[in-house]
Amino acid sequence: MITTDLLIIGGSDAGISAALRARELDDQVSITLLLSDDFPNFSICGIPYALSGEVTDWHHLAHRTRSDLEAYHIAFHSNTVADKIDSEAHQVLAHNSDGSQVFAYQKLLVATGARPKSLGVTAPTAATHVLRTMADFFAIEDLLTTNKPERVAIVGAGYVGLEVTEALIKRGIAVTMIQRGQEVLSTVDSAMGQEVHHVLSAHGVAVLTDQTVTEIKSAKKGYMVTTSADETIHADLILVVIGVVPNSQLLAQAGAQLDAATRAVKVDDAMRTSLPDIYAAGDLVLTKHRLLGNTYLPLGTTAHKQGRIAGATMLGRSAVFQGVLGSQVVTVLVW
Ligand SMILES: Cc1cc2nc3c(=O)[nH]c(=O)nc-3n(C[C@H](O)[C@H](O)[C@H](O)COP(=O)(O)OP(=O)(O)OC[C@H]3O[C@@H](n4cnc5c(N)ncnc54)[C@H](O)[C@@H]3O)c2cc1C
């Protein structure tokens, strides 16, 4: 059994911010961090810019290098998946390729983020791809480089869909966007969405709004996508970026309170869950919005802030998450 003062599950924005804040406040506390892949502190927000080539080397997506992180004396367990939390025993059961391991903690932060929403349409194997992790990035980059697709269908015209569209247009690939809502970028007013739509069209992007994907079939070359408006799109690659759902199963199974509608974890302003000595931050929690009340608004900028709050409050320091306003900045085909 490995014992630690602070145990953090998740090595992205929220988990790393919490670990660094805790270390900033206390140079003696032991901090152990589990992450299911081998990319601690990578900016997944930057992935579209690695696809476009503006980030010329994917290693540059790391906010800090491994040796930068090691200087903070955090015990990293990469490629290690947390399977179960025993909140009464203050233990987490995890596994990696060497077998199972129990981690005993004083305080636990769960920062397991979110996972992509699924399209809910049966499709041929390997037809659809999502974009969330570095592994997803490597898979897509490999397909773009090796198979050299000429036509890509992007399902979802939120900010991630727009950023990836820009990247693909820069690579000379024809893009069709399929959007369920009446206009692209549904987080802004429709007049602003229309402006964005015009810019996309001016750059040759085919934008189909107010329709969903109903069928994906193999074609002679690539795939045939059919929509609810009976449009047919031929694509060599289909990217599904229709949002995320909270990765809250670990805490749900441990008995933490979740929001019924979104399955996001309920936390207070100190990022405490309903379970003793267990905190949560980032894309798996319900976020305090200063205008809308509690809402599910998964963003890296919020995950960083919530992580810092959790890092302090796990040490018994007083810190309060002040909430978000939902401000957004996105560039669309500007170069
Ligand atoms: C393409 C793209 C572009 C984006 N652009 C922006 C942007 O411009 N601005 C912005 O604010 N946000 C952006 N985001 C959203 C932002 O990336 C997320 O909000 C942020 O990464 C959330 O951080 P997190 O730490 O909560 O979770 P995640 O980044 O999802 O990380 C979860 C961590 O938990 C680990 N994990 C999960 N389950 C387990 C387990 N069982 N055991 C061990 N480890 C586990 C994972 O390995 C990972 O380290 C973007 C997202 C994408 C996909």
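Residues numbered from 1 in each chain as written. Predicted model: local features only at pLDDT ≥ 70, side-chain atom pairs only at ≥ 80, totals over all residues. Heavy atoms only, no water.

A look at the overall build of the protein chain
Selection criterion: Helix and strand definitions follow DSSP, with helices as H or I runs of at least four residues and strands as E runs of at least two, each counted in order from the N terminus. Any two residues whose heavy atoms approach within 4.5 Å are treated as being in contact. We get accessible surface area from the Shrake-Rupley algorithm with a probe of 1.4 Å; when it comes to residues, only the shown protein chains can shield them. His is not counted here, nor are the chain ends, while Lys and Arg score as positive and Asp and Glu score as negative. Where a charge lies is defined by one atom per residue type: Lys uses NZ, Arg uses CZ, Asp uses CG and Glu uses CD.
Of the regular secondary structure elements, the protein chain holds eight helices and 19 strands. Along the first, second and third principal axes, the C-alpha set of the protein chain runs to 60 × 45 × 35 Å. Put simply, of all contacts in the protein chain between residues at least 6 apart along the chain, 63% involve residues at least 24 apart. Summed over all atoms, the accessible surface of the protein chain reaches about 15900 Å², with 49% contributed by carbon and sulfur. Mean positive and mean negative side-chain charge positions of the protein chain (25 and 34 charges, respectively) differ by 2 Å.

Focus: the packing of aromatic side chains
As a reminder, the rule being used: Between 30 and 60 degrees the pair is tilted, below 30 it is stacked and above 60 it is edge-to-face, where a pair is any two Phe, Tyr or Trp rings, Trp via its six-membered ring, whose centres lie within 6.5 Å. Only protein chains enter the accessibility calculation, which uses a 1.4 Å probe; a residue whose area is less than 20% of its type maximum is buried, one above 50% is exposed, and one in between is partly exposed.
For the structure on display, the rule yields six aromatic pairs. Ring centres of Phe 39 and Trp 58 lie 6.0 Å apart, and the angle between their planes is 75 degrees; on these two criteria the pair is classed as edge-to-face. With Phe 39 in the loop between strand 2 (31–34) and helix 2 (47–52) and Trp 58 in the loop between helix 2 and helix 3 (66–70), this pair connects stretches of sequence that are 19 residues apart. For Trp 58, a relative accessible area of 29% gives the class partly exposed. Ring geometry for Phe 42 against Trp 58: centres 6.1 Å apart, planes inclined by 35 degrees, an arrangement best described as tilted. Within this pair, whereas Phe 42 is found in the loop between strand 2 and helix 2, its partner Trp 58 is found in the loop between helix 2 and helix 3, the two being separated by 16 residues in sequence. Taking relative accessible area as the criterion, Phe 42 reaches 11% and is therefore assigned buried.

Section: the nonpolar core
Counted only if it meets this: We call a set of buried Ala, Val, Leu, Ile, Met, Phe, Trp, Tyr and Cys residues a nonpolar core when their side-chain atoms join them within 4.5 Å.
Within the largest apolar cluster, 50 residues are counted, with the highest numbers of intra-cluster contacts made by Ile 85, Val 92, Leu 108, Leu 109 and Leu 251. Tallying contributions element by element places helix 1 (residues 13–25) first for this core, with six residues. Filtering out sequence-adjacent residues up to four positions away, Leu 109 remains in contact with Leu 7, Ile 8, Ile 9, Ala 14, Gly 15, Ala 18, Tyr 279, Ala 280, Ala 281, Ala 310 and Met 314. Counting residues in hydrophobic clusters, the runner-up holds 33 residues, among them Ala 50, Leu 185, Val 196 and Val 241.

What to know about the pattern of salt bridges
Our working definition: The term salt bridge refers to a pairing of a side-chain nitrogen on Lys or Arg with a carboxyl oxygen on Asp or Glu at a separation within 4 Å.
Scanning the entire structure with this criterion turns up 12 salt bridges. The salt bridge partner of Arg 21 is Glu 24, with a shortest N-O separation of 2.4 Å. Here the residue Arg 21 and the residue Glu 24 both occupy positions in helix 1, the gap between them amounting to three residues, near one helical turn. Notably, a salt bridge pairs Asp 236 with Lys 221, separated by 3.1 Å at the nearest N-O pair. Placement of the pair is Asp 236 in the loop between strand 14 (232–235) and strand 15 (237–240) and Lys 221 in the loop between strand 12 (213–218) and strand 13 (223–227), with a sequence separation of 15 residues. Classification of Asp 236 as buried rests on a relative accessible area of 17%. Several salt bridges converge on common partners, so that one network encompasses Arg 21, Glu 24 and Arg 308.

Some remarks on the sheet that holds strand 8 (residues 128–129)
We count it as follows: In this scheme, strands are said to pair when DSSP sees at least two bridges between them. Helix axes are fitted only over the stretch in contact, all axes being lines through C-alpha atoms; the angle between N-to-C directions runs from 0 to 180 degrees.
One open sheet accounts for five strands, arranged 8-15-9-10-11; its pairing is parallel. Looking at strand neighbours, the two that pair on one side only are strand 8 and strand 11 (206–208), the edges of this open sheet. Both strand 10 (residues 174–178) and strand 11 contribute to a ladder of three bridges, which runs parallel. Bridge pairing in strand 11 places Met 177 opposite Val 207. Along the sheet, helix 5 (residues 159–170) contacts strand 9 (151–155), strand 10 and strand 15; its crossing angle with strand 10, the most-contacted strand, is approximately 165 degrees.

What about the environment of Gly 99?
Mapped onto the elements of the fold, Gly 99 is located in strand 6 (residues 99–110). By relative accessible area, Gly 99 is classed as partly exposed at 30%.

A word on the domain arrangement of the protein chain
The condition that has to hold: Here the bounds of each domain stem from an automatic or database domain assignment. In short, buried area is how much 1.4 Å probe accessible area vanishes from two parts on joining, totalled over both. By the criterion applied in these results, polar contacts are pairs of N or O atoms within 3.5 Å in which, for protein atoms, one can donate a hydrogen and the other can accept it, and in which residues neighboring in sequence qualify only through two side-chain atoms. For this classification, Asp, Glu, Lys and Arg are treated as charged, while Ala, Val, Leu, Ile, Met, Phe, Trp, Tyr, Cys and Pro are nonpolar and the rest, including Gly, are polar.
Partitioning the protein chain into structural domains gives domain 1 (2–115 + 244–313) and domain 2 (118–240). Here the C-alpha centre of domain 2 lies 30 Å away from the C-alpha centre of domain 1. Of the residues lining the interface, 17 residues belong to domain 1; the matching set on domain 2 comes to 15 residues. Here domain 1 meets domain 2 over a buried area of about 1500 Å², counting both sides, of which 71% is carbon and sulfur. For domain 1, the biggest contributors to the area lost against domain 2 are Ile 47, Pro 48 and Leu 51; these three give 39% of the whole. The tally of links from domain 1 across to domain 2 stands at two salt bridges. In this structure, Arg 132 engages Asp 283 in a salt bridge whose closest nitrogen and oxygen atoms are separated by 2.8 Å. At the surface where domain 1 touches domain 2, the tally comes to four residue pairs in polar contact (both at pLDDT 80 or more). In terms of residue count, helix 2 provides more of the side of domain 1 that touches domain 2 than any other element does, six residues in total. Of the residues contributing to the side of domain 1 that touches domain 2, the split by class is 14 nonpolar, one polar and two charged.

Describing the site of the ligand
How we decide: Throughout this document, a residue counts as near a molecule or strand when at least one of its heavy atoms sits within 4 Å of that molecule or strand.
In the vicinity of the ligand lie 32 residues, with Ser 12, Ser 36, Ala 82, Arg 132 and Gly 300 positioned nearest. In this structure, an oxygen atom belonging to the ligand sits 2.9 Å away from a main-chain N or O atom of Gly 11. Ala 111 is positioned such that a nitrogen or oxygen atom in its backbone is 3.4 Å from an oxygen atom of the ligand. For the ligand, whose free accessible area comes to 1000 Å², the fraction covered by protein is 88%. Of all the elements in the fold, those that place two or more residues in the shell around the ligand are helix 1, strand 4 (81–86), helix 5 and helix 8 (300–313).

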